[in-house]
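Chain by chain, the residues run as shown.
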Amino acid sequence: MPSFPEAAHEAVGDTTLRANLRHATHTIRDKRARAVAELDDWAALREAGKRIKDETLRHLDTYLLRLEAAVTGAGGTVHWAADAAEANRIVTDLVRATGETEVVKVKSMATQEIGLNEHLEAEGIAAYETDLAELIVQLGEDRPSHILVPAIHRNRGEIRDIFAEKMGSWGRPAPEGLSDTPAELAEAARLHLREKFLRAKVGISGANFMVAETGTLVVVESEGNGRMCLTLPETLISVVGIEKVVPTWRDLEVFLQTLPRSSTAERMNPYTSMWTGTADEDGPRAFHLVLLDNGRTDALADEVGRQALRCIRCSACLNVCPVYERAGGHAYGSVYPGPIGAILTPQLRGITSEIDASLPYASSLCGACYEVCPVAIDIPEVLVHLRERVAEEGGKGHRLEKAAIRAASWVLDRPNVLAAGERLASATRKVRPKRLPGPGARQWSDHRDLPELPAEPFRDWWRKNRT
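All of these numbers come straight from a predicted model, not from anything done at the bench.

Novice: Tell me about the overall build of the chain, and please be specific about residues and values.
Specialist: Looking only at helices and strands, the chain features 23 helices and ten strands. Overall, the C-alpha framework of the chain stretches about 95 × 55 × 50 Å when taken along its three principal axes. Each of the 467 residues in the chain was classed as buried or not, and the buried ones make up 50%. Contacts in the chain between residues at least 24 apart in sequence constitute 73% of all its contacts with a sequence separation of at least 6. When the accessible area of the chain is evaluated, it comes to approximately 22,500 Å², of which 52% is carbon and sulfur surface. One way to put it: in the chain the 58 positive side-chain charges average out to a point 8 Å from where the 66 negative ones average out.

Okay, here's the thing in structure tokens:
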């Protein structure tokens, strides 16, 4: 992926993309504002969520061991994955042990983060996404561009064309004469997915929360596809980031109020599925929980940056962000787009690549993201903190910046040199270039007019007109 400025420059030229994003984000955020306004104690819930998450992160080792014991005691098996490669290997081995060559999947950010679908495909295992938006992305050979609505960059006409052209190669084809009405598109997806639900022996999920007290996993969704994946297969494999644990059921109650209102603007999710281990006559016969680190303990070690691990993936910050609204999710080069992606991705992946080093700068620092975050993540604070880290690494642009600052400091420490420079600038103002030299400076001046220089420096004018 190129750096964010390059990717965003291309994205903002796509008028269809910008129209799709503007319509969708404005609709969602307006609905969210109304849903949140219904609760007199929203500020207290927000503070409670923040404190619960901070308490959990401070004692994460304790709660994870408690979770492992509870899951194991309920008949499940816990696996620990230090990185994406280990998680992919564990899941692949578990699927192969069943003898199956296909799986159905619940929408999962963690499995997208580690590239599980691509890894399974390389190993000869077909992974079918069952969330409607994820299905659209998969059939269209596309990438998600939003945490909550992965196909937010597509309109109804584009979705109809994808279904008509691609469904047949993945299973049951789309009905003849399919229109772009939401009801017909949803029915086409339902018919396409139903045969997969009834045939699949292995399901793969993530989880919104894990309750350490009982070993219970929780998935909230709006379509019912998640519940089909969680209950019908004989084997269930859940890949979950270690930060998703909460200590008790009482803690979970807070997030089941704040997450729906912040994400889908609903008072509660249509489907809230919970499972604890296995049962003899209900649900999967085998349950495996893969606890994923993949950079999270590195983020936990950063006293400022660790607050990004509070995130409950509601996407409220994306829907209010003026940068995301214009650039879209693909420009972020990560499964986590928008403001939360700009602070989470560089911590999980590091800041050595061009795209990751540019993400902390993908913001106007307006603070709208912090205002709507249901767990009070101060995203602007973390963005500035990460910018400091990027600058300390001393990339090409920052080396030039440091050299310019040192030169400016030398001149400002010598008033006579500064005065001579000002007079020279005024004397040559008619031949002043319209654009600054150098790639970094030119990128800045390509979109801004340089200020006009006066006929004489201020200090000379002052001597002439003041005694």
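Novice: Talk me through the UniProt feature "domain: LUD" (unreviewed entry) in the chain; I want residue IDs and the actual numbers.
Specialist: Under the UniProt annotation, the feature "domain: LUD" (unreviewed entry) is placed at residues 67–291. End C-alpha atoms of residues 67–291 are separated by 10 Å, and the span's content is 43% helix alongside 21% strand.

Novice: Outline helix α8 (residues 132–139), supporting the account with residue identities and numerical values.
Specialist: Among the eight residues of α8, seven are classified as buried, and the element is accordingly described as predominantly covered. Inspection of α8 places Ala133, Glu134, Leu135, Ile136, Val137, Gln138 and Leu139 among the buried residues, and these make up the whole buried set. Looking at the buried residues of α8, the elements they touch are α6 (109–113), α7 (116–122), β3 (126–129), α9 (156–170) and α10 (182–199). Of the residues flanking the start of α8, the one acting as N-cap is Asp131, its side-chain oxygen 3.1 Å from the backbone nitrogen of Ala133. With its phi angle positive at about 50°, Glu141 sits one or two positions after the end of α8.

Novice: Describe the nonpolar core, listing the residues and the values that go with them.
Specialist: Core analysis: the biggest nonpolar cluster contains 102 residues, and Phe4, Phe163, Leu289 and Ile343 have the highest contact counts within it. Core analysis: the second largest hydrophobic core is formed by 20 residues, Val95, Ala127, Ile204 and Val239 among them.

Novice: Can you break down a nonpolar patch on the surface residue by residue, with the values?
Specialist: Where nonpolar side chains cluster on the molecular surface, the patch consists of Phe458, Trp461 and Trp462 and spans about 350 Å² of accessible area. Its place among the elements puts Trp462 in helix α23 (residues 458–465). The class for Trp462 is partly exposed, based on a relative accessible area of 43%.

Novice: Could you give me a rundown of the pattern of salt bridges, with the residues and numbers involved?
Specialist: Tallying each qualifying case throughout the model produces 25 salt bridges. In this structure, Glu86 and Arg89 form a salt bridge, with 3.9 Å as the shortest nitrogen-oxygen distance. Remark: Arg89 and Glu86 occur in helix α5 (residues 84–98); sequence separation between them is three residues, near one turn of the helix. What makes Arg89 partly exposed here is its relative accessible area of 42%.

Novice: Provide a residue-level description of the packing of helix α21 (residues 415–427) against α23, including the pertinent values.
Specialist: Taken N-terminus to C-terminus, the directions of α21 and α23 make an angle of 95°; their axes are 9 Å apart at the nearest point. It follows that α21 is roughly perpendicular to α23 by the angle criterion. Here Pro415, Leu418, Ala419, Glu422 and Arg423 of α21 lie close against α23, whose contacting residues are Arg459, Asp460 and Arg463. Here the residues of the contact of α21 with α23 are counted per class, giving three nonpolar, no polar and five charged.

Novice: Run through the packing of aromatic side chains, naming residues and quoting values.
Specialist: Tallied over the full model, the rule gives seven aromatic pairs. Between the aromatic rings of Phe209 and Phe255, the centroid separation amounts to 5.5 Å while the plane-to-plane angle is 25°, which identifies the pairing as stacked. Of this pair, Phe209 sits in strand β5 (residues 209–211) while Phe255 sits in helix α12 (residues 249–263), and the two are 46 residues apart along the sequence. For the residue pair Phe209 and Phe255, the accessibility class agrees, reading buried in each case. A network of ring pairs unites the aromatic residues Phe4, Tyr324 and Tyr332 as a single cluster.

Novice: Tell me about unusual backbone geometry, residues and numbers included.
Specialist: Both trends apply: most residues other than glycine have a negative phi, and most peptide bonds are in trans. Its identity as a non-glycine residue notwithstanding, Glu141 has a phi of 50°, on the positive side. Take Glu141: it is sitting in the loop between α8 and α9. The exposure class assigned to Glu141 is exposed, which follows from its relative accessible area of 69%. Although it is not a glycine, Leu365 sits at a positive phi angle of roughly 60°. You can see Leu365 is positioned in the loop between α17 (354–358) and α18 (368–372).

Novice: Describe the sheet that holds strand β8 (residues 245–246), naming the residues involved and giving the relevant values.
Specialist: The strand order across the open sheet formed by four strands is β8-β5-β6-β9, and the pairing between neighbours is mixed. Strand pairing shows two members of the sheet lacking a second neighbour, β8 and β9 (271–276), which therefore form its edges. The sheet contact formed by β5 and strand β6 (residues 216–221) spans three bridges and is antiparallel. Opposite Met210, over in β6, you have Leu217 as the bridge partner. Strands in contact with α12 are β5, β6, β8 and β9; relative to β5, the strand with the most contacts, it is inclined by about 160°.

Calculation criteria
- Residues numbered from 1 in each chain as written.
- Predicted model: local features only at pLDDT ≥ 70, side-chain atom pairs only at ≥ 80, totals over all residues.
- Heavy atoms only, no water.
- Helix = DSSP H or I, 4+ residues; strand = E, 2+ residues; numbered from the N terminus.
- Buried < 20%, exposed > 50% of the residue type's maximum accessible area, 1.4 Å probe, protein only.
- Contact = heavy atoms within 4.5 Å.
- Areas by Shrake-Rupley, 256 points an atom, 1.4 Å probe, with all protein chains shown as cover.
- Lys, Arg positive; Asp, Glu negative; His and termini not counted.
- Charge placed at Lys NZ, Arg CZ, Asp CG, Glu CD.
- UniProt positions renumbered as here; feature names shortened; annotations may be inferred.
- Polar contact = N/O pair within 3.5 Å; in protein donor to acceptor, adjacent residues only side chain to side chain.
- Core = buried A, V, L, I, M, F, W, Y, C linked by side-chain atoms within 4.5 Å.
- Patch = residues over 30% accessible without salt bridge, like charges linked within 9 Å, V, L, I, M, F, W, Y side chains within 5 Å.
- Salt bridge = Lys/Arg side-chain N within 4 Å of Asp/Glu carboxyl O.
- Axes fitted to C-alpha atoms, helices over the stretch in contact; angles between N-to-C directions.
- Parallel < 35°, antiparallel > 145°, perpendicular 65-115°, else oblique.
- Nonpolar A, V, L, I, M, F, W, Y, C, P; charged D, E, K, R; others polar.
- Phe/Tyr/Trp six-rings, centres within 6.5 Å; stacked < 30°, edge-to-face > 60°.
- Pairing = 2+ DSSP bridges.

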